[in-house]
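Chain and residue survey
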Amino acid sequence: MACLLEAPLRISVLSEVTATSRHYVDRLFDPDPQKVLQGVIDMKNAVIGNNKQKANLIVLGAVPRLLYLLQQSSSSLELRTECAVVLGSLAMGTENNIKSLVDCHIIPALLQGLLSPDLIFIEACLRCLRTVFISPVTPVQLLYTDPTVIPHLMSLLSNSQRTQEYITQIFSHCCKTPEHQTVLFNHGAIQNIAPLLISPSYKVRMQALKCFSVLAYENTQVSMTLVNVLVDGELLSQVFVKMMQRDQPIEMQLTAAKCLTYMCRAGAIRTDDSCIVLKTLPCLVRMCSKEHLLEERVEGAETLAYLMEPDVELQRIASTTDHLVAMLADYFKYPSSVSAITDIKRLDHDLKHAHELRQAAFKLYASLGSNDEDIRKKITETENMMDRIVSGLSESSIKVRLAAVRCLHSLSRSVQQLRTSFHDHAVWKPLMKLLQNAPDEVLVMASSTLCNLLLEFSPSKEPILESGVIELLCSLTQSDSSALRVNGIWALMNMAFQADQKVKVEIVRCLGTEQLFRLLSDPDTNVLMKTLGLLRNLLSTRPHIDQIMSSHGKQIMQAVTLILEAEHSIEVKEQTLCILANIADGNTAKELIMTNDDMLQKIKYYMGHSNVKLQLAATFCISNLIWNEEDGSQERQDKLREMGFVDVLHKLTQASDPNLSDRAKTAMQQYLA
């Protein structure tokens, strides 16, 4: 019986809630404008801090009516302003509220409202627009649909501190792409926003600063312009330096450091400039210390990683500043059982976001260790570091896995680490697991790392080979992503270096000749170069050369011909000629060149080429063909003499390049012996 009663009860409670909400909506349709105004004011008071009430009013259709009243020229200014305030309050609710508001076309209505001459109404519209645009569910493109909007917003900047705060906040949230940066830049964002950096209002200064950070990010044009901007007679970079001082709020210090970081990375400030070395870098290192909030530590570490990524000198300075390498180890112990967080809400938030700290630490370690051997050693010797990376590779958060594999890749550039910590911790096992099923960005990093683990001096090479990696790498070479194709073929190239016959045969079998030749005509030069490298490594040591050429000689010679005839770089042609020289070193394989007059003419052409590298490789090829101690050398020498090769060699003995003249003299001696 109780079950039967439950449903009607629920309905009656719900209808009661909706009935009180409906009363608010009904009043918006009253013929008396004064009652409508009072209804809107009462609605405003009812929804403050009440998400349930907001949702009810949206469901009952309050939004279209409020927007209608807001846009009616017959509505009083006070009514229109109150409507904008209520809409702003509804937008403060959940993401679903925002979606409903956007679907009702609130943005064009509010933008239209900005054409009013009344400042208080404009401010109410801007406040609501700001709330809508800072939500992640609002499509930022809606700000750029009408080309008159941005210039109009720029013209409103000088009206009041509120318009300055809201407009700069809208800009900083809606500047997501290089196209957005260009639109804002072309409409005078820099000259209009720069004076706001010395506004008496902290909120205005802060939003202006955020604007500059999103405008300068990876944008050379903006950054180069910012360098020369003066604010009240002072260079902008110096204004940013003052904002990084320790007595400023943390948010301001961090954002100013981001501005200078982005200007530096965009090439507008040198990496050895004192504002970077003595101000920005120490400020960002300071943000990594444990007295800061979780999000400040994350942002500090990620910005610092970005700042020094391409610059070894900054990496060295950072690694010796404030014990940074050890400080980052704390990122993995957070929040600890002895955490000083007494605020339960804060603790709950931090537990949910602790993975962001680990991600940031991995990113910063990756950046720190990308060039310097001593720093890498310092990182791997930090407590349990390799264990932390290994567990990072299997974390549930994709971002942590990506950052951990980036860190591993950075450390894998060290011969010393490959031979020691990588081997001791069997890093290849979790790496192989990661490669089985991961998004492309993780695959690119993981396969790059694998390339290093397959270098001949790496102790991990053998166990990786035994784990069936060849199939996996061959499948990568068929990817749509050129980065994955490069890494797949690169790893196979490293694997084939000085490998035994069994491994080479397995690579050729698994890759298949069709795929091998497809890769030789790949549009990406890197893929082509690595495929040539693989072929060169496969065709080394005579028995291997003869065996592979006996089964695939025709196709390989065809591919070599195509490359030598096509428009390719010197590097590509040099690699191809080196492959020919390896074929010429085979016992039986060399006949494939000797019986191909067209190929011999090509070699002769490259011996007379203007580029020394190509001349050397071609001469090396001929040298292998005429070598005295081998069967049939006399016949080969006679044929090549008839074709005019001796004259070419004689000419090359006089070459200005000592390597080339020596190589030619060695070849000539075969004729004299």
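As recorded in an unreviewed UniProt entry, the chain goes by the name Armadillo repeat-containing protein 8, listed as coming from Acanthochromis polyacanthus.

1. Notes on the domain arrangement of the chain
Each assigned domain of the chain is listed here: domain 1 (414-540) and domain 2 (552-672). Listed by partner, the interface residues are 12 residues for domain 1 and 14 residues for domain 2. Joining domain 1 to domain 2, the criterion identifies zero salt bridges. Across the domain 1-domain 2 interface, the total number found is three residue pairs in polar contact (both at pLDDT 80 or more). When residues of the side of domain 1 that touches domain 2 are traced back to their parent elements, those giving at least two are helix 33 (513-519) and helix 34 (525-538). With seven residues, the top contributor of residues to the side of domain 1 that touches domain 2 is helix 34.

2. A few points about the packing of helix 18 (residues 294-308) against helix 21 (residues 344-368)
Taken N-terminus to C-terminus, the directions of helix 18 and helix 21 make an angle of 15 degrees; their axes are 8 Å apart at the nearest point. Classified by the angle their axes make, helix 18 and helix 21 are roughly parallel. Between helix 18 and helix 21 lies a crossing of left-handed hand. Looking at the contact of helix 18 with helix 21 residue by residue, the class counts come to 11 nonpolar, four polar and seven charged.

3. Quick look at helix 4 (residues 62-71)
When you tally the buried positions in helix 4, you get seven out of 10 residues, the bulk of the element. Residues of helix 4 that are buried include every one of Ala62, Val63, Arg65, Leu66, Leu67, Leu69 and Leu70, and no others.

4. Re the packing of aromatic side chains
Evaluation of the coordinates by the stated rule reveals six aromatic pairs. Taking the centre distance of 5.7 Å and the plane angle of 40 degrees together, the rings of Tyr217 and Tyr306 count as tilted. Pair noted here: Tyr217 is in the loop between helix 13 (202-216) and helix 14 (220-227) and Tyr306 is in helix 18, with a separation of 89 residues, a long-range link. For Tyr217, a relative accessible area of 36% translates into the label partly exposed. For Tyr306, a relative accessible area of 14% corresponds to the buried category. Counting every residue linked through ring pairs, the aromatic cluster contains Tyr217, Tyr262 and Tyr306. The residue whose ring lies beneath Arg265 is Tyr306, and the NZ or CZ to ring-centre distance is 4.3 Å. Lying over the aromatic face of Trp490, Lys530 brings its terminal NZ or CZ to 4.3 Å of the ring centre.

5. Regarding unusual backbone geometry
Unusually for a residue other than glycine, Asp322 sits at a positive phi of about 50 degrees. Within the secondary structure, Asp322 is located in the loop between helix 19 (312-319) and helix 20 (324-329). The phi dihedral of Ala426 is positive, around 40 degrees, even though this residue is not glycine. Looking at where Ala426 falls in the secondary structure, it is placed in the loop between helix 26 (421-424) and helix 27 (428-436).

Parameters at a glance
- Residues numbered from 1 in each chain as written.
- Predicted model: local features only at pLDDT ≥ 70, side-chain atom pairs only at ≥ 80, totals over all residues.
- Heavy atoms only, no water.
- Domains from an automatic or database assignment.
- Contact = heavy atoms within 4.5 Å.
- Salt bridge = Lys/Arg side-chain N within 4 Å of Asp/Glu carboxyl O.
- Polar contact = N/O pair within 3.5 Å; in protein donor to acceptor, adjacent residues only side chain to side chain.
- Helix = DSSP H or I, 4+ residues; strand = E, 2+ residues; numbered from the N terminus.
- Axes fitted to C-alpha atoms, helices over the stretch in contact; angles between N-to-C directions.
- Parallel < 35°, antiparallel > 145°, perpendicular 65-115°, else oblique.
- Left-handed = near helix turned anticlockwise from the far one by under 90°.
- Nonpolar A, V, L, I, M, F, W, Y, C, P; charged D, E, K, R; others polar.
- Buried < 20%, exposed > 50% of the residue type's maximum accessible area, 1.4 Å probe, protein only.
- Phe/Tyr/Trp six-rings, centres within 6.5 Å; stacked < 30°, edge-to-face > 60°.
- Lys NZ or Arg CZ within 6 Å of the ring centre and 35° of its normal.

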